[in-house]
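# Fold and geometry: a report
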2 protein chains.
Amino acid sequence: MIATNPELAAALKSILPEEQVSFNQTILEQHSRDESYHDCSLPEAVVFPATTEEVVKIMKAANQYNVPVVPFGRGTSLEGHVIPYDRGITIDFSLMDKILEVREEDFLVKVQPGVTRMQLNNALKKHGLFFPVDPGADATLGGMAATNASGTTSVKYGVMRDQVRDIEVVLADGTVMNTGSLAAKSSSGFHLNGLFVGSEGTLGCFTELTLKVYGIPEFILAARASFPTVDDAVGAVVSILQAGIPIARCELVDEQSMKQLNVHSETAYREQATLFLEFHGNEAGLNQDVKFMEDIVADYRCEQIEFETDNAGRNKLWEARHNLAYAYVHGHPGKKLMVTDVCVPISELAGAILYAREELDALGLPGGIVGHVGDGNFHALLMIDTNNPTEVQKASEFNERIVLYALERGGTCTGEHGVGVGKQKYQEREHGNAYLVMKQIKQALDPKNLMNPNKIFSVKKEA
Amino acid sequence: MIATNPELAAALKSILPEEQVSFNQTILEQHSRDESYHDCSLPEAVVFPATTEEVVKIMKAANQYNVPVVPFGRGTSLEGHVIPYDRGITIDFSLMDKILEVREEDFLVKVQPGVTRMQLNNALKKHGLFFPVDPGADATLGGMAATNASGTTSVKYGVMRDQVRDIEVVLADGTVMNTGSLAAKSSSGFHLNGLFVGSEGTLGCFTELTLKVYGIPEFILAARASFPTVDDAVGAVVSILQAGIPIARCELVDEQSMKQLNVHSETAYREQATLFLEFHGNEAGLNQDVKFMEDIVADYRCEQIEFETDNAGRNKLWEARHNLAYAYVHGHPGKKLMVTDVCVPISELAGAILYAREELDALGLPGGIVGHVGDGNFHALLMIDTNNPTEVQKASEFNERIVLYALERGGTCTGEHGVGVGKQKYQEREHGNAYLVMKQIKQALDPKNLMNPNKIFSVKKEA
């Protein structure tokens, strides 16, 4: 390994308690990767701040020694976001894991960035509240805000950006600011909440988040509906949305992925293109909606629909869905997961999935398609041997074809995973002149390019 | 009047057809004011572009002659947003009023910025769709995006920012860019949609907008509920929200404002603190919700609740509510309207309204309180004689007290009207260091400070 700059090491030790600074090889390695197939790279040091003030001190030291900083949650990113390719300091937020305040009447919660989504939901339960955003991993809320994460519930509740009311941010120069307020809406000044959510650590470190939470619905109904083809399943979703039936979750899992899921989760679900659905509301309203929905899926040759109303059945269903990526990983030891993440207008979804399926079949690599189809977002999951250049090349070309298909139809290269390093090459193509504006903003707020450099885009370091 | 720079005048005439450039005194005067009490100021020229290309040419001329530009919709802003205090060119978008595309399956519509919300809703009706955001005025969608407008429906459907999927923007230097895509969600790069919505013309001119639209609900139920005090009415709203009953609209009108409304709209509604409510959904679900809601309002001493299920009754009810500001204006000839616009966390709403009521009573000026209480946003409407310095001073001090009360409780100085010139003095106090970040972004994207200068904040012009 390359040694840490001794002056920087001394500076970090002088501003933080000894146990909050690490140069240990194992710790460095744990912070050298995420859950993606991207190459690893070791940081020079890992620090574990416990307060905003400590984060400020770390940023000031980074400025003094001109070293980059990478904020790190649980390392569950999927595009290399937290890999310190420029080395420097990785800030691990695991000590900042307190739920600071639950404001029941305001449907708000204030948390430190290291709180995970499951930790939050466990704490909210006794208030009759829940936090809806659910990427597969038990990620930290700071990391989820940094990547604008979403998941199965965004069709009803929105994505991470829709939940963030305020963030305390430590900027590149150590300045502390707040992006918003506690008000439910505001037309006061530029919308910095929106800008910082999804900035992937390139504009600052999040040290506190105020998030919207929701009352646990009076009545929840989950269902699994099986279809002869993916096309029928997608058609059914479009018709359900057109009919104005308010879906809370709406996930497509293809036949290959249902097989993988049954093996991993020890379930015996029908191995066909399947919609995992959920509805939230009051009992009378849901019963009317579900009746209507049953008529619609029948029009799309639905061969079986099974409902789960009790908690245990519902939890099992969603746990199986959430563990699907891990099901692929565990089912293919030695291989790594590559996931596409395009999102297209819903009118283009059936075509996009059909195209992805054909390309996937032609590839000859194990994989399947799952998707948050209510949003037009789907993933092709591919298992590849990253030591086999042919497989890597094939996967990369496949990813590119899927992305270009989406961009040509008004879509985006990443619906929820973010850019990191993996989607950088599509940024200019997707955003055109807006990409230059993004770079101008980055340059204005982080002129020395210290904050997670070379993620989202490459910015030249000042001489 | 001050003459227009003859070279600029010649340049504008050379790039636009003759009828699209005006120096006519009446036209200049029409573009010297908005619907607020703020002082007027004449532009040097008013131009009426018909295409994005013409807007680009205008921006290039503005750059060449170093003159400021003010984008102008219908002039219905309430904080002086469109008043050209630095003179220059006002761009009136009334010729760019085409609905370009309705994508039914995607629930999207593409419009030019001069389309008004009522024009859009008339066109959407035949598709079974509607656009929810409804400020009182029939504003243009470009203007509504510029101020992040909202209205009675944001408690269910969100504010203008939540509806904007993409904007074509002409930047200060004439570059054309797009802020988003057609995808329902994206984690690709910085969220420029969010940044540009609410930028009040300070970052660029909007030349095309792609907006979310919604299916007209299967069943709509409106109600008027009368309470002995404002406090009871607010308490009822908080309890309805706590109970998880999904409200689509939830407006408070106080006793004084009900009187004004009855005179103006020729209605005979009970002159008490009143909630105007609306619920959207399916019939079975709404019936269950409404039964629950009736129990709740009874707990808050509701003295009368009347339902409107047919279109005519509902339309009359909401028309009366929407015309309330005009009711005050018409009821006080010679006076002008000053409106506060704070938004507070819902737990602070009852206290904030009580405080505003007491301050209003102490003032001795005609006025009332109305509010989008489901969001924690309320307005104190005051009628003042702008030629009477004592009244202006009183109103200004009143406004300041209301704002400071809100800011001390985590609120915002403006929930939906925007900053313009009227709320500038509170920006630093509300945003702290974030205000400096906003200035850095403005400086980066508009270094010559040509785009609607000295709105939101004052930026020094480069030497």
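All values derive from a computational prediction rather than experimental measurement. (Residues numbered from 1 in each chain as written. Chains lettered and ligands numbered in written order. Predicted model: local features only at pLDDT ≥ 70, side-chain atom pairs only at ≥ 80, totals over all residues. Heavy atoms only, no water.)

### Focus: the interface of chain A and chain B
One widely used convention gives an interface's size as the accessible area the parts lose upon coming together. Across the contact, 79 residues belong to chain A and 79 residues belong to chain B. Summing the contributions of chain A and of chain B, the shared interface buries around 5800 Å²; its carbon and sulfur component is 58%. Counting the contacts that link chain A with chain B gives four salt bridges. Two residues, B:Lys185 and A:Asp375, come together in a salt bridge whose shortest N-O distance is 3.6 Å. Put simply, the parts of the chain that give the side of chain A that touches chain B at least two residues each are helix H7 (160-163), strand S9 (176-178), helix H8 (192-196), helix H9 (230-242), helix H11 (283-299), helix H16 (427-431) and helix H17 (433-445) of chain A. (Contact = heavy atoms within 4.5 Å. Buried area = accessible area lost by both parts, 1.4 Å probe. Salt bridge = Lys/Arg side-chain N within 4 Å of Asp/Glu carboxyl O. Helix = DSSP H or I, 4+ residues; strand = E, 2+ residues; numbered from the N terminus.)

### Thoughts on the UniProt feature "domain: FAD-binding PCMH-type" (unreviewed entry) in chain A
Taking the numbering used here, the UniProt-annotated feature "domain: FAD-binding PCMH-type" (unreviewed entry) corresponds to residues 39-216 of chain A. Between the C-alpha atoms that bound residues 39-216 of chain A the distance is 41 Å, and the span itself is 23% helix and 25% strand. (UniProt positions renumbered as here; feature names shortened; annotations may be inferred.)

### Some thoughts on the packing of helix H14 (residues 349-363) of chain B against helix H15 (residues 389-407) of chain B
Residue and element names in this part refer to chain B. Taken N-terminus to C-terminus, the directions of H14 and H15 make an angle of 165°; their axes are 10 Å apart at the nearest point. Compared by their axis directions, H14 and H15 come out roughly antiparallel. Of the two possible hands of crossing, H14 and H15 adopt the one that is right-handed. Every residue of H15 that contacts H14 at Gly351, Ala352, Tyr355, Ala356, Glu359, Leu360 and Leu363 is listed here: Lys394, Phe398, Arg401, Ile402 and Tyr405. For the contact of H14 with H15, the residue count by class is eight nonpolar, one polar and three charged. (Axes fitted to C-alpha atoms, helices over the stretch in contact; angles between N-to-C directions. Parallel < 35°, antiparallel > 145°, perpendicular 65-115°, else oblique. Left-handed = near helix turned anticlockwise from the far one by under 90°. Nonpolar A, V, L, I, M, F, W, Y, C, P; charged D, E, K, R; others polar.)

### Quick word on the domain arrangement of chain A
Residue and element names in this part refer to chain A. Structurally, chain A comprises domain 1 (6-92), domain 2 (99-215), domain 3 (219-325) and domain 4 (333-407). For domain 2 versus domain 3, the distance between C-alpha centres works out to 28 Å. With nine residues of domain 2 at the contact, the number on the domain 3 side is nine residues. When domain 2 packs against domain 3, the two sides together hide about 740 Å² of surface, and 57% of this comes from carbon and sulfur. Contact with domain 3 buries surface across domain 2, with Thr152, Val155 and Lys156 losing the most and accounting together for 61% of the total. For the pair domain 2 and domain 3, the number of links is one salt bridge. The shortest N-O distance in the salt bridge between arginine 249 and aspartate 134 comes to 3.1 Å. On inspection of domain 2 and its partner domain 3, the count reaches four residue pairs in polar contact (both at pLDDT 80 or more). (Domains from an automatic or database assignment. Polar contact = N/O pair within 3.5 Å; in protein donor to acceptor, adjacent residues only side chain to side chain.)

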